[in-house]
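Per-entry structural report
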Amino acid sequence: MARIRFDFGLLTLDATLLDDSPTAAAVLEALPFTASVLTWGDEVYFEVPVRSPREAEARAVVTPGEIAYWPDGPAVVIGFGRTPISQDGETRLAAPCNLFARADDDVKALAAVAAGARVTVIRLD
């Protein structure tokens with residue numbers, strides 16, 4: 001399983017790509033890249049140079065630690081808590097997204113990342 005790192009400057013987040021995900025393969029092929037971070041509630045997201053269609057298993061409600069790709073963005077989306085449309089404590093993204101990786105670290109640390117921060121995404125192995 002390939003691993004990637006999100007380097008937000010003040011912290012890094014490592015993740016393992018899902019083997020059976022076409023989106024994971026597309027993200028891996030686009031590496032490395034740098035983007036500007038946006039935030040929405042307890043979510044960070046950023047534009048990526050990837051084009052991948054919505055997968056049949058795409059969903060809006062995720063578990064913190066699941067890393068997603070928003071085809072309409074196109075953007076990587078990492079939810080770590082409630083967003084403005086969450087219900088009953090869930091982590092709800094703005095629209096169904098393709099899950100393509102799982103964080104190896106605690107995503108709640110992303111609360112320290114501010115909008116406008118730069119993120120660089122690289123392959124680890």
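Please refer to the structure placed before this passage.
Below is a summary of the structure that appears in this document. (Residues numbered from 1 in each chain as written. Predicted model: local features only at pLDDT ≥ 70, side-chain atom pairs only at ≥ 80, totals over all residues. Heavy atoms only, no water.)

Our next topic: the nonpolar core. Core analysis: the biggest nonpolar cluster contains 32 residues, and F6, F8, F46, I67, F100 and L110 have the highest contact counts within it. Among all residues touching L110, those that are not within four sequence positions of it are F8, L11, L13, V44, I78 and F80. (Core = buried A, V, L, I, M, F, W, Y, C linked by side-chain atoms within 4.5 Å. Buried < 20%, exposed > 50% of the residue type's maximum accessible area, 1.4 Å probe, protein only. Contact = heavy atoms within 4.5 Å.)

Before going further, it helps to examine the environment of R3. On the secondary structure map, R3 appears in strand β1 (residues 3–7). Distance from R3 to V121, taken between C-alpha atoms, is 11 Å for residues 118 residues apart in sequence. What R3 contacts, discounting residues up to four positions off in sequence, is D14, A15, T16, D104, I122, R123, L124 and D125. Here the side chain of R3 touches D104 through a polar contact of 3.0 Å, side chain to side chain. (Helix = DSSP H or I, 4+ residues; strand = E, 2+ residues; numbered from the N terminus. Polar contact = N/O pair within 3.5 Å; in protein donor to acceptor, adjacent residues only side chain to side chain.)

Quick look at the packing of aromatic side chains now. If you walk through the whole model with that rule in mind, you get 1 aromatic pair. A centroid spacing of 6.1 Å and a plane angle of 65° characterise the contact between F6 and F46, whose relative ring orientation is edge-to-face. With F6 in strand β1 and F46 in strand β5 (residues 43–47), this pair connects stretches of sequence that are 40 residues apart. There is no split in this pair, since F6 and F46 are both buried. (Phe/Tyr/Trp six-rings, centres within 6.5 Å; stacked < 30°, edge-to-face > 60°.)

This next bit is on the pairing of strand β2 (residues 12–17). A large share of β2 lies buried, amounting to 5 of its 6 residues. Two elements, β1 and β2, share 5 bridges in a ladder whose sense is antiparallel. Each residue of the ladder has a partner; that of I4, found in β2, is A15. In this sheet, strand β9 (residues 91–103) lies alongside β2 in antiparallel orientation, the contact comprising 3 bridges. Each bridged residue has a counterpart across the sheet, and for A15 the counterpart in β9 is A103. (Pairing = 2+ DSSP bridges.)

Using the criterion set out here, one finds 6 salt bridges in the structure. The salt bridge partner of R3 is D104, with a shortest N-O separation of 3.0 Å. Separated by 101 residues along the polypeptide, R3 in strand β1 and D104 in the loop between β9 and β10 (118–123) bring together distant segments of the chain. A residue is classified by how much of its surface remains accessible, and D104, at 37% relative accessible area, is partly exposed. Residues R92 and E90 are paired through a salt bridge, measuring 2.6 Å at the closest nitrogen-oxygen approach. With relative accessibility at 23%, the residue R92 sits in the partly exposed group. (Salt bridge = Lys/Arg side-chain N within 4 Å of Asp/Glu carboxyl O.)

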